[in-house]
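Single-letter residue listing:
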Amino acid sequence: MGPVRYYFSIFLRRFPYFLIVALIVSVASFIVARTLPATYVSTMRLIVESPQIPGSLAASTVTTPAAEQLQIIEQRLLTRPVLLEIAREFQVLPDQDEASPDQIVKAMRKNTSIWTSGGLNQANLMTITFEARSGQIAAGVLNKYLTEIQKLDVAYRKERATDTLAFFELEVERLSDELSRRSARILEFKNENSGALPDSLQFRLAQQGALQTNLEQTDQQIFSLKAQREKLVNIFSSTGQVVGVSQQNLSPAQQQLNQLRNQLDNQRVIYSENNPQIKLLQARIEKLEEVVAAEQATNPAPVDVQTGNSALDLQLAQVDSQISALEDQKRIMEDRLNALTLTIDQTPANAITLSELQREHDNIQTQYNAAVSRLAAASTGERIEVTSQGQRISVIEHPSTPSEPSKPNRLMIAGGGSAFGILLGLGLVVLLEVLNRSVRRPEDLINKLEVWPIATIPYAPSRGEVLMQRAVWGGIILAILIGVPAGVWAVHTYYLPLDLITERVMDKLETYW
């Protein structure tokens, strides 16, 4: 017997096993293909459009990249409240009233498929599909998804633009208040140190120089008057006579007026009329002229005394009064000079403090100007988003109601199950043959026992044995053909629908994997 006939004979002996396995798998796949529920799939496609107004003219303040925007919309769309609301509106699950919220959300997410695509110099697209037990439900859910996506997109962009505008409004208000406080502090500091500010330093230095000059001249006048008094006393002591001088008969105010006029004439040779020293001398001369005019109006001119102690006493009294007036004037000038010196000494520190205050004020002013500019840009960006002129998500393929179910492919399931059953049956035949180690051919005797047979006599079953064997296998096949469908029908009817059993099995497998 050749190898082909030998293996064919083996296949014929194991044919009942092959037939049973192939029938069981084929019948099961056919039943599954018939009992799986029809699934309708609806699809829609979205695109992220660029802003309608060029960014160089008016930029939006919402600068979310298109890919990120699609991801945000996807995550917000698949949130629990949105999915529960849509599921309750369309009754997506057949037994939804008995399902828990977690089961509903899980089923909605499982039946929803979202793909995004994009890249450099490519449009950003989003494709959304939904599987349902009817085409109307699938299309209705996708239309509701579309409404939610557009609402979420508009709300998200408006919220971002409004928040940006509100932030810069608060920032401008804060910087404005801070700028006012800085300005008030600078003004307060200037008022507190009005006499020691760096702006008037040159004028005060000029005043200091003039006062020092006047103080020196006053010291010279006092010294001269004291020398003159001593001279009068010495002349009277040595001669017993009083020298009459018309200058000494003048009042102190008149003598001081003459001295200031002489000093003014001398100063005009050196300084111009606009010099602070010239102006100060002119002011003093004007005041003394008023004093002298008042004295001449109230007192008659004194009579020159040529001899006698009374004349000497009068002259000495006049000189003493002039010395006293000059000393009073000297004290006043010294007080003014000390005050000016103090303010001049305080000026550098005040200049540093004022410079620091002004620098802080300038920094706040710069921030305020930048915030005002950004507020204007934020206001424009907010207006762009309110009028929907910025980047937005639009539809390029609206959801449609499918007329035919997309799955399951019943023919593919039944045909694939039958082919799998045939392969499984062949595999069982091969496995049984491999596991069978008994001696069945002359070659087995030679290989195992090293016995060379003279002849081979095949076993010839009787007619009764053949009929009995055929009856047994026929009963087994009929039991398979009738019992398997009946068992499946009973499970589907009295225990749990096959589609739910299949779904649970798939869920378990997904969880395990």
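Residues numbered from 1 in each chain as written. Predicted model: local features only at pLDDT ≥ 70, side-chain atom pairs only at ≥ 80, totals over all residues. Heavy atoms only, no water.

Draft legend 1. Layout of the overall build of the protein chain. Helix and strand content of the protein chain: 14 helices and four strands. Considering only intrachain contacts with a sequence separation of at least 6, the fraction spanning at least 24 residues in the protein chain is 79%. Accessible area of the protein chain: about 31,800 Å², with a carbon and sulfur share of 58%. (Helix = DSSP H or I, 4+ residues; strand = E, 2+ residues; numbered from the N terminus. Contact = heavy atoms within 4.5 Å. Areas by Shrake-Rupley, 256 points an atom, 1.4 Å probe, with all protein chains shown as cover.)

Draft legend 2. Molecular detail of the sheet that holds strand β3 (residues 122-132). Spatially, the four strands line up as an open sheet ordered β2-β3-β1-β4, and their pairing is antiparallel. A single partner strand is all that each edge strand has here, and the edge strands are β2 (112-119) and β4 (392-397). Put simply, the sheet's adjacent strands are angled 25° from each other on average, direction ignored. Where strand β1 (residues 40-49) lies against β4, five bridges are found, and the strand directions are antiparallel. When the sheet's bridge partners are listed, Val48 is paired in β4 with Ile393. Here helix α6 (residues 135-192) sits on the sheet and contacts β1, β2, β3 and β4; the angle it forms with β1, its principal contact strand, is near 20°. (Pairing = 2+ DSSP bridges. Axes fitted to C-alpha atoms, helices over the stretch in contact; angles between N-to-C directions.)

Draft legend 3. Focus on the confidence of the model for the protein chain. Per-residue confidence for the protein chain gives a mean pLDDT of 78; residues scoring 70 or more make up 77%. In the model of the protein chain, helix α14 (residues 498-512) stands out as the element of lowest mean pLDDT, 61, in contrast to helix α4 (residues 80-90), which has the highest, 91. (pLDDT = per-residue confidence, 0-100.)

Draft legend 4. Molecular detail of the packing of helix α3 (residues 66-77) against α6. Two elements in contact, α3 and α6, have axes separated by 10 Å at closest approach and are oriented at 120°. If you check the angle between α3 and α6, you find them oblique. As for the relative orientation of α3 and α6, their crossing is right-handed in sense. Residue-level contacts link Gln69, Ile72, Ile73, Arg76 and Leu77 of α3 to Tyr145, Glu148, Ile149, Leu152, Asp153, Tyr156 and Arg157 of α6. For the contact of α3 with α6, the residue count by class is seven nonpolar, one polar and four charged. (Parallel < 35°, antiparallel > 145°, perpendicular 65-115°, else oblique. Left-handed = near helix turned anticlockwise from the far one by under 90°. Nonpolar A, V, L, I, M, F, W, Y, C, P; charged D, E, K, R; others polar.)

Draft legend 5. Examining the packing of aromatic side chains more closely. The final tally for this structure, using the stated rule, is two aromatic pairs. Centroid distance Phe167 to Phe168: 5.2 Å. Interplanar angle 75°. Geometry classified as edge-to-face. Note on Phe168: relative accessible area 15%, which makes it buried. (Phe/Tyr/Trp six-rings, centres within 6.5 Å; stacked < 30°, edge-to-face > 60°. Buried < 20%, exposed > 50% of the residue type's maximum accessible area, 1.4 Å probe, protein only.)

Draft legend 6. Summary view of the pattern of salt bridges. Counted by the stated rule, this structure contains twelve salt bridges. The salt bridge partner of Asp102 is Arg80, with a shortest N-O separation of 2.8 Å. Residue Asp102 is found in helix α5 (residues 101-111), and its partner Arg80 is found in helix α4; the two are separated by 22 residues along the sequence. In this structure, the salt-bridge partner of Glu327 is Lys226, at a minimum N-O distance of 4.0 Å. Residue Glu327 is located in helix α10 (residues 309-386), and its partner Lys226 is located in helix α7 (residues 201-239); the two are separated by 101 residues in the primary sequence. (Salt bridge = Lys/Arg side-chain N within 4 Å of Asp/Glu carboxyl O.)

Draft legend 7. Local environment of the pairing of β3. For β1 and β3, the ladder comprises eight bridges, and the chain directions are antiparallel. The partner of Leu46 across the bridge, within β3, is Met126. The loop that links β2 with its antiparallel partner β3 comprises two residues; one of these, Asn121, has a positive phi angle of about 60°.

Draft legend 8. Unusual backbone geometry, seen in detail. Positioned with a positive phi, Gln91 is a non-glycine residue whose angle comes to about 50°. Here Gln91 is to be found in the loop between α4 and α5. Accessibility expressed as a relative area gives 32% for Gln91, which makes it partly exposed.

Draft legend 9. Spotlight on the packing of α4 against α6. Orientation of α4 relative to α6, taken along the N-to-C sense of each, is 145°, at an axis distance of 10 Å. α6 is crossed by α4, and the crossing has right-handed handedness. Of the residues in α6, those in contact with Val82, Leu83, Ile86, Glu89 and Phe90 of α4 are Ile137, Gly140, Val141, Lys144, Tyr145 and Glu148. Each residue belonging to the contact of α4 with α6 can be placed in one class, and the counts come to seven nonpolar, one polar and three charged.

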